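Commentary on secondary and tertiary structure
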Amino acid sequence: MPLLKASNNTLSLPGTSQQWKDSFSFIQAADCQFGMDWVYQRNWGYDRADYNESDWSSEIKWSSSFVDTVNKMDPPPKFVIMCGDMLDAWPGKSEMSLEVRNAQYKDFIKVFDSLNIPLVCVCGNHDIGNSPTSETIQRYRTDFGDDWFTFVCDGLFCIVINSQYYEDPQHVPDIAADQEAWLDEQLA
């Protein structure tokens, strides 16, 4: 099932209801971080000349095993929520990092497209940067959908926020303020 992308701060989960039905399960995962193993095994940074030769076959293998396991669950969970750091290459670091990031994204989508239940993604620092910019946020939104949103699953109201705005909003104070105002509305 393809990645579900929120728009207008709302996500629609297929096959679910706005009303409470019965108990259900979902899976919370994080940090599949395609590319991390290669970088950290070498104790290298992201500015090395050979970074464009990086490899994320370990993460493809692990994530594919995860997808296979989830697909065999009976009854199936309602959805998987991936809580950040889907890719390891930092956004906005360099042209080389962007090329690696694009390749990591394509492989991430390829692996998780075989998931039989909805995939919901939440951004982490590797997805928009420790100090997000309007460019890194727009890139995330293009690839994964809105970075803050709500959804309902069989009567359970879920709120997703971008926690990086609490970490360092210096480059995007207006966007961070928009999320805060939106969150106040959701909690009212």
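Residues numbered from 1 in each chain as written. Predicted model: local features only at pLDDT ≥ 70, side-chain atom pairs only at ≥ 80, totals over all residues. Heavy atoms only, no water.

1. A closer look at the overall build of the protein
Each helix and strand in the protein was counted, giving seven helices and six strands. Going from the N terminus to the C terminus, the protein shows its helices and strands as β-β-α-α-β-α-β-α-α-β-β-α-α. Taken over the C-alpha trace, the protein has a radius of gyration of 17 Å; the compact-globule value for 188 residues is 16 Å, and the two agree within 12%. Principal axes of the C-alpha set define a box for the protein whose edges measure 55 × 45 × 20 Å. In the protein, which comprises 188 residues, the share counted as buried stands at 46%. (Helix = DSSP H or I, 4+ residues; strand = E, 2+ residues; numbered from the N terminus. Rg over C-alpha atoms; globule rule 2.2 N^0.38 Å. Buried < 20%, exposed > 50% of the residue type's maximum accessible area, 1.4 Å probe, protein only.)

2. Section: the packing of aromatic side chains
Across all of its chains, the model carries 12 aromatic pairs by this definition. Between F34 and F108 the ring centres are 5.8 Å apart and the planes differ by 70°, which places this aromatic pair in the edge-to-face class. Taken together, the residues F34 in the loop between β2 (27-29) and α1 (36-42) and F108 in helix α3 (residues 95-112) connect sequence positions 74 residues apart. For the pair shown, F34 and F108 are each scored as buried. With centroids separated by 6.0 Å and ring planes inclined at 75°, the aromatic side chains of W148 and Y165 adopt a geometry described as edge-to-face. With W148 in the loop between α5 (134-144) and β5 (149-153) and Y165 in helix α6 (residues 164-167), this pair connects stretches of sequence that are 17 residues apart. In this structure Y165 comes out as buried when scored by relative accessible area, which is 4%. (Phe/Tyr/Trp six-rings, centres within 6.5 Å; stacked < 30°, edge-to-face > 60°.)

3. Some details on the side chain of S17
With respect to the secondary-structure elements, S17 resides in the loop between β1 (3-4) and β2. Beyond its immediate stretch of four places on either side in the chain, S17 contacts V152, C153, D154 and G155. (Contact = heavy atoms within 4.5 Å.)

4. Re the sheet that holds strand β4 (residues 119-122)
Taken in spatial order, the four strands make up an open sheet running β1-β4-β3-β2, and their pairing is parallel. Lying at the two open borders of the sheet, with one neighbouring strand each, are β1 and β2. Where β1 meets β4, two bridges bridge the pair, whose relative direction is parallel. The residue of β4 that forms the bridge with L3 is L119. (Pairing = 2+ DSSP bridges.)

5. Regarding the nonpolar core
Counting 27 residues, the largest nonpolar core has M86, F108, F112, L119, C121 and F144 as the members making the most contacts within it. For this core, the secondary-structure elements that each account for two or more residues are β2, α2 (57-71), β3 (80-83), α3, β4 and α5. Residues within four places of F144 in sequence aside, it is in contact with L3, L4, K5, A6, M86, L87, Y105, F108 and C121. The next biggest cluster of nonpolar side chains, apart from the first, holds 13 residues, and it includes L13, I81, F149 and F151. (Core = buried A, V, L, I, M, F, W, Y, C linked by side-chain atoms within 4.5 Å.)

6. Digging into the pattern of salt bridges
According to the stated counting rule, one finds three salt bridges in the structure shown. When the shortest N-O distance is used, the salt bridge between K78 and D154 registers 2.9 Å. With K78 in the loop between α2 and β3 and D154 in the loop between β5 and β6 (156-160), this residue pair connects regions lying 76 residues apart in the sequence. Of the charged contacts in the structure, one is a salt bridge between R141 and D147, with a shortest N-O distance of 2.8 Å. A residue is classified by how much of its surface remains accessible, and R141, at 25% relative accessible area, is partly exposed. (Salt bridge = Lys/Arg side-chain N within 4 Å of Asp/Glu carboxyl O.)

7. A word on α3
Across its 18 residues, α3 extends 26 Å between first and last C-alpha, which sits within 8% of the 26 Å expected from 1.5 Å per residue. Listed as buried for α3 are S97, V100, R101, Q104, Y105, F108, I109, V111 and F112. Close packing links the buried residues of α3 with β1, α2, β3, β4, α4 (125-128) and α5. (Expected span 1.5 Å × (residues − 1).)

8. A look at the pairing of β4
Side-chain alternation along β4 places L119 and C121 on one buried face and V120 and V122 on a second face that is also buried. Sheet analysis places β3 next to β4, joined by four bridges and oriented parallel. Pairing of I81 across the sheet is with V120, part of β4. A crossover links β3 with its parallel partner β4, the connecting element being α3, and its sense is right-handed. (Right-handed = clockwise from strand over helix to strand, strands pointing away.)

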